[in-house]
Amino acid sequence: MLIGTWNVNSINMRKDHVSKFLQEFSVDVLALQETKVKTENFPGLLFKKLGYEIYHHGGKGRNGIALLSKIKAEDTKIGFEGLKDADFFPDAKERILGIKISNEVLKELWIFSVYIPNGGSVNSDYYFYKLQFLWKFRDFLELYFSKDTPLIIMGDFNVAPEDMDVYDPEILKETICCTEREKNAFKALLEFGLFDALRLKYPDKQGIFTWWDYQFFAFQKNQGMRLDHILITHPLIDKLEDIWVEKTPRGWKKPSDHTPLLAKFNF
DNA sequence: ATGCCTAGCTCCGCTAGA
C-alpha cells in the first residue's frame, strides 16, 4: 500500500496536479490539507472517476482536510469529537479527519489527515493556540487509541522537529515552526507512541524538505523546511518499506508551496 | 529573512500562510 500526504494550498487551484499525481504514482490513500473549500464544495468528481472514495471537511476559504482512498472507510472521526473541551478548538473539524479501513493483512487501520495551525508570529495568541492544539491532539489519540493500534497520522504539522530539518537553523532559530516550544509539543505528541517514519529510515539525512517558500527562489536553492510528516505506531514499523519526499509536483506549473511525502508499506 | 509569492474574500487592498 502506498500512502501520502500533501498540503495542496487550495484544491480548486491544484485539482489537476492531484489528479496527475494520483495516476502517476498509483497512490492508495492520499491525505490533503488546506483544501480551502467548504465541505460540500469539494471538487470530488475528478477523483471519484479515478476510483477514489472522498472524505473531506472544510470551511470557507481556509483550512480543510481530505482523504482520498481506494479503500472504503468503515468509520470516520472529525475534529476533537468526544473531548469535553472540543468547543475550545472551533476549527479542529477543518484540521483533523480520520478513516478506519482494513485489508487482508490488517483488520483495522486508522489513517488521519492533519493540519496543525501555523501559529502566526511567535508568542502571539495564535502561537499558543497552536501549542495547545498539539497537546490536545495527544489527548484525542489517548481517548480512542493505544500505542498498539495500527495508526498512521499524516499531514502538515507546521513543526520542523530538528535543526537538520531546515535549510539554515541559525537564520531560523526561534522563528515560527522552529521554536523549542513547538519542537517540545511535537515530541510530546510522539510520546503517545508515534514514530516519525522518515527518521526511522533516514535518521541523519540532511536537506530533506517538504515545503519551500514561494519567494526568494527558495525551491531552486533548496531552502526549505520539513514540516509534513507521516507518523506511525510500532505495529507498522516492520511493515514500512520506504518513505520519500516526491519533489516533482513542486516543479510543476503553478505549484503548491508544499510537495507530497509518500510511504510504501508491505500490506 | 520579512513580504520579494500565492490564494481567498471582498470588492481592486487586505489577511494568512510558514
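No experiment lies behind these values; they were computed from the predicted model shown.

*Asks:* Would you take a moment to explain unusual backbone geometry for this structure?
*Replies:* Excluding glycine, residues mostly have negative phi values, and the peptide bonds linking residues are mostly trans. Positive phi is not limited to glycine here, since Glu34 has a value of about 55 degrees. Within the fold, Glu34 resides in the loop between β2 (29-33) and α2 (45-48). The phi dihedral of Lys254 is positive, around 50 degrees, even though this residue is not glycine. Residue classification places Lys254 among the exposed positions, given a relative accessible area of 58%.

*Asks:* I tried to follow the layout of surface pockets on my own but got confused; where do I start?
*Replies:* Using a probe with the size of a water molecule, rolled over the atoms, empty space left in the structure can be pinpointed. Approximately 370 Å³ is the volume found for the largest pocket. Asn118, Trp211, Asp213, Met225 and Leu227 are, among the 21 residues lining the largest pocket, the residues nearest its centre. In terms of residue class, the lining of the largest pocket is made up of 11 nonpolar, 6 polar and 4 charged.

*Asks:* Hey, could you run me through empty space enclosed by the protein in this one?
*Replies:* For the coordinates displayed, the defined rule picks out 1 cavity of 30 Å³ or more. Approximately 30 Å³ is the volume found for the largest cavity. Forming the walls of the largest cavity are Met1, Ile101, Ser102, Asn103, Leu106, Leu109 and Phe267. For the lining of the largest cavity, the class distribution of residues is 5 nonpolar, 2 polar and no charged.

*Asks:* Explanation requested: helix α3 (residues 125-144) in the structure shown.
*Replies:* Note on helix geometry: an α-helix contains 3.6 residues per turn, so any two residues three or four positions apart are oriented the same way. In a regular helix each residue adds 1.5 Å, so 20 residues correspond to 28 Å; α3 covers 29 Å between its end C-alpha atoms and thus fits that length. Elements in contact with the buried residues of α3: β5 (75-78), β6 (96-101), β7 (109-115), β8 (151-156), α4 (180-190) and β9 (194-196).

*Asks:* How should the sheet that holds β7 be read in this particular structure?
*Replies:* Adjacent strands of a sheet form backbone hydrogen bonds with each other and so pair up, either parallel or antiparallel. Strand order in the open sheet formed by 6 strands is β5-β6-β7-β8-β12-β9, and the pairing between neighbours is mixed. Looking at which strands have only one partner, the edges of the open sheet turn out to be β5 and β9. On average, each strand axis in the sheet is tilted by 20 degrees relative to the strand beside it, whichever way the strands run. Here β6 runs beside β7; their pairing, made up of 6 bridges, is antiparallel. For Leu97, the partnering residue across the bridge sits in β7 and is Ser113.

*Asks:* Sorry, what's going on with the packing of α3 against α4 here?
*Replies:* Helix-helix packing: each pair is described by the crossing angle between the helix axes and the interaxial distance. Viewed as axis vectors pointing N to C, α3 and α4 meet at an angle of 5 degrees, and their least axial separation amounts to 9 Å. Between α3 and α4, the crossing angle belongs to the class labelled roughly parallel. Contacts between α3 and α4 involve Tyr127, Phe128, Lys130, Leu131, Leu134, Trp135, Phe137, Arg138 and Leu141 from the former and Arg181, Glu182, Ala185, Ala188 and Leu189 from the latter. A class-by-class count of the residues in the contact of α3 with α4 yields 10 nonpolar, no polar and 4 charged.

Reading the values: rules and limits
Residues numbered from 1 in each chain as written. Chains lettered and ligands numbered in written order. Predicted model: local features only at pLDDT ≥ 70, side-chain atom pairs only at ≥ 80, totals over all residues. Heavy atoms only, no water. Helix = DSSP H or I, 4+ residues; strand = E, 2+ residues; numbered from the N terminus. Buried < 20%, exposed > 50% of the residue type's maximum accessible area, 1.4 Å probe, protein only. 1 Å grid on protein atoms, 1.4 Å probe; cavity = no way out; pocket = protein on both sides within 12 Å on 5 of 7 lines; lining within 4 Å. Points joined across faces, edges and corners; volume = space filled by probe spheres on them. Nonpolar A, V, L, I, M, F, W, Y, C, P; charged D, E, K, R; others polar. Expected span 1.5 Å × (residues − 1). Contact = heavy atoms within 4.5 Å. Pairing = 2+ DSSP bridges. Axes fitted to C-alpha atoms, helices over the stretch in contact; angles between N-to-C directions. Parallel < 35°, antiparallel > 145°, perpendicular 65-115°, else oblique.

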